[in-house]
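Each chain, written out:
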Amino acid sequence: MSRGPRCLPHPAFDRRGLLKRSGALALLLGAGELAWGAGIVAVRVWPATEYTRVTIESDQALSARHLLIESPDRLVIDIDNLELSPALRELVGKVRADDPFITGVRVGQNQPRTVRLVIDLKQPTAPQLFRLSPVAAYQHRLVFDLYPTKAPDPLRALLREKTQAEEQAARAVQDALGEFIDRMDRPGIPEAPPVAAAKPPARPPQVAAAPAPTPSPPMTPAPPPPPSAEQLRKIDRLIVVALDPGHGGEDPGAIGPSGLKEKDVVLAVALQLRDRLNAIPGMRAMLTRDDDFFVPLHERVNKARRVKADLFVSIHADAFINPKARGAGVFALSNKGASSAAARWMAQRENRADRIGGTNLKSSDVHVMRALLDMSTTAQIKDSLEIGKEVLSQIGKVGRLHKRQVEQASFAVLKAPDIPSILVETAFISNPEEERKLADPDYRGELVKALTTGIRRYFARNPPVARNRTL
Ligand SMILES: [Zn+2]
């Protein structure tokens, strides 16, 4: 990328490449003419292990340049046509001591018409700067996302654990069947029942359902039984459940009449659900976000696919046009249009999250990524409806249901082609009574218990098959 002005977002924007150009003004945002004296509406900092985001919201689009300086690491940002204001100074006090990336922020009027921010960094950082146009309640936003130059992968350990469990399971199944075949080969034993010996069925319970061997003629030793469902169940592999608390960071989700935010409620539910699922032997839960930061929709799905999750559960607590709407609901994907007008409305609302949360991707990039995830299969939808039904019947015991059936619509976050995926609307936060319930830790505890039972019952009936078993 050459020096000089560039408008963002730009496809060639390489966050790593910027690091090497110290001394150069690597990027110029918005080279167009801008009016003098933009007003700062708000400044926000969203610290998280994955990345820290700094947002400057203003009543006019801001133009900025940035420069990375090493030893010590710091990011210098010059914002043009701006006067230092108390609102901007607030940024200094908004940095938390435990921010993984930022030590502190200094602000000053560098030139009569340029404000300089110096962000002192805790680690080598690859920044992304971009602007967002007004959307929902937000005016113009200038965003700096600070990513680590070497991204840690918290999912790798989970994936390794799962792979090891799968290999172990494959070996154990092979041993059990090998032993069975050996015994069948011994002289004096009639031919093995073809189903169990030649081709083990895909799912352990079906092994138990295999036809019993034909009674042997008298005086011949009885053939050994095929490995039982119980034997196979014991060596089944780790089940991974991806939990996806909706919204986060700049995207608050729906807001209740007394100010309760959907993003906070669903994170609390997901954290509690993770602990409950992790307490079940053979089950592990991972979160698409474990803090208050924004994750784009396709990235939520990618995270689940990276750990080869067996189930994806997106957790929400939405608002509806009618404040009287109430009750929990469960949604699965539809590739044939929504099951009701309300379901379509909900999906459209949820799918706006990327615009509100703010991503640095061009909409065409997002489009390509979504298209890759858009190969939804009938099998995925069938499994999703089945798990959805199980979960819906459990949450129906705890609280009121919006609809007795699993609803379907085109939710972007449910589009992993290979993972059964459901979206749980825990309640309508727009309904004052339900907002009160969602704020109550006891009610959330009941809800988490119901979700756990639903998930557990589904896997008891449909134990997942180990992938890549070498049989
Ligand atoms: Zn939501």
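Every value quoted in this text rests on a predicted model; they were computed, and no experiment measured them.

### Overview of the confidence of the model for the protein
- Chain-level statistics for the protein give a pLDDT mean of 82 and a share of 77% at 70 or above.
- This model gives residues 1-35 a pLDDT under 50, and the stretch forms 71 contacts once residues within four places in sequence are excluded.
- In the predicted structure, residues 467-471 sits below a pLDDT of 50 and forms 15 contacts with residues beyond four places in sequence or in another chain.

### So, the sheet that holds strand 13 (residues 329-333)
- Within the open sheet, the 6 strands sit side by side as 11-10-12-15-13-14. Their pairing is mixed. At either margin of the open sheet sits one strand with a lone partner, and together these are strand 11 (283-287) and strand 14 (407-409). Averaged over neighbouring strand pairs, the angle between their axes works out to 30° when direction is ignored.
- Where strand 13 lies against strand 15 (residues 421-425), 3 bridges are found, and the strand directions are antiparallel. The residue bridging G329 from the neighbouring strand is E425, located in strand 15.
- Sitting on the sheet, helix 6 (residues 262-278) touches strand 10 (239-245), strand 11 and strand 12 (311-316), and the angle it makes with strand 11 is about 160°.

### Examining the pairing of strand 6 (residues 102-111)
- Relative to strand 7 (residues 114-121), strand 6 is paired through 8 bridges, and the arrangement is antiparallel. Its bridge partner being in strand 7, R106 is matched across the sheet by V118.
- Linking strand 6 back to strand 7 in an antiparallel pair, the connection comprises 2 residues.

### Some words on the pattern of salt bridges
- Scanning the entire structure with this criterion turns up 22 salt bridges.
- The partner of D120 in a salt bridge is R106, with the nearest N and O atoms 2.9 Å apart. Of the two residues, D120 sits in strand 7 while R106 sits in strand 6, which places them 14 residues apart along the sequence.
- Under the relative-accessibility criterion, R106 is labelled partly exposed at 45%.
- Several salt bridges share partner residues, and in doing so they unite R44, E57, R141 and E250 into one network.

### Quick word on the packing of aromatic side chains
- Per the counting criterion, the structure on display carries 6 aromatic pairs.
- Among the aromatic side chains, those forming a connected cluster through ring pairs are Y51, Y147 and F293.

### Quick word on unusual backbone geometry
- Cis rather than trans, the peptide bond between S71 and P72 has omega equal to -10°.
- Along the chain, P72 turns up in the loop between strand 4 (64-69) and strand 5 (74-80).
- One non-glycine residue, A136, adopts positive backbone phi at about 50°.
- Judged by its relative accessible area of 55%, A136 falls in the exposed class.
- Despite not being glycine, H247 has its phi angle at roughly 60°, a positive value.
- Here H247 lies in the loop between strand 10 and helix 6.
- On the basis of relative accessibility, which here comes to 7%, the residue H247 falls in the buried class.

### Regarding empty space enclosed by the protein
- Under the defined criterion, the tally for this structure stands at 4 cavities of 30 Å³ or more.
- When its volume is computed, the largest cavity comes out at roughly 80 Å³.
- Considering the residues around the largest cavity, the lining is formed by 13 residues, among which L297, H316, E350, A353 and V413 are closest to the centre.
- The set of elements that each furnish at least two residues to the lining of the largest cavity consists of helix 7 (297-306) and strand 12.
- Looking at the lining of the largest cavity, its residues break down into 5 nonpolar, 5 polar and 3 charged.

### Focus: the coordination of the zinc ion
- Looking at the zinc ion, the protein donor atoms are H247 (NE2), E262 (OE), H316 (ND1), D318 (OD), E350 (OE) and E350 (OE), and they sit 2.1 to 2.7 Å from it.
- Around the zinc ion, the 6 donor atoms sit at angles spanning 50 to 172°, and that spread fits a shape best called irregular.
- Donor residues for the zinc ion, ordered by position in the chain, follow H-x14-E-x53-H-x1-D-x31-E. Here D318 lies in the loop between strand 12 and strand 13 and E262 lies in helix 6, a separation of 56 residues in the sequence.
- The exposure class assigned to D318 is buried, which follows from its relative accessible area of 3%.

### Quick word on the side chain of S314
- Structurally, S314 is set in strand 12.
- Given the relative accessible area of 0%, S314 is considered buried.
- Residues contacting S314, with those up to four places away along its chain left out, are D244, V413, I422, L423 and V424.

### Here we look at the nonpolar core
- Ranked by internal contacts, the top residues of the largest apolar core, which has 41 residues, are V241, L277, V313, V391, I395 and I455.
- Mapped by element, the contributors of at least two residues to this core are strand 10, helix 6, strand 11, strand 12, strand 13, helix 11 (378-398), strand 15 and helix 13 (441-461).
- When residues of this core are assigned to their parent elements, the largest contribution, 8 residues, is made by helix 13.
- When near neighbours in sequence (up to four residues on either side) are disregarded, V241 contacts L277, M283, R284, A285, M286, L311, V313, I455 and F459.
- Among the nonpolar cores identified, the runner-up in size contains 29 residues, and A347, F411, A416 and L423 belong to it.

What counts, and where the lines are drawn
Residues numbered from 1 in each chain as written. Predicted model: local features only at pLDDT ≥ 70, side-chain atom pairs only at ≥ 80, totals over all residues. Heavy atoms only, no water. pLDDT = per-residue confidence, 0-100. Contact = heavy atoms within 4.5 Å. Pairing = 2+ DSSP bridges. Helix = DSSP H or I, 4+ residues; strand = E, 2+ residues; numbered from the N terminus. Axes fitted to C-alpha atoms, helices over the stretch in contact; angles between N-to-C directions. Salt bridge = Lys/Arg side-chain N within 4 Å of Asp/Glu carboxyl O. Buried < 20%, exposed > 50% of the residue type's maximum accessible area, 1.4 Å probe, protein only. Phe/Tyr/Trp six-rings, centres within 6.5 Å; stacked < 30°, edge-to-face > 60°. 1 Å grid on protein atoms, 1.4 Å probe; cavity = no way out; pocket = protein on both sides within 12 Å on 5 of 7 lines; lining within 4 Å. Points joined across faces, edges and corners; volume = space filled by probe spheres on them. Nonpolar A, V, L, I, M, F, W, Y, C, P; charged D, E, K, R; others polar. Donors = N, O, S within 2.8 Å, 3.2 Å for Na, K, Ca; no water. Tetrahedral: all angles 85-135°; square planar, octahedral: opposite > 155°, others 65-115°. Core = buried A, V, L, I, M, F, W, Y, C linked by side-chain atoms within 4.5 Å.

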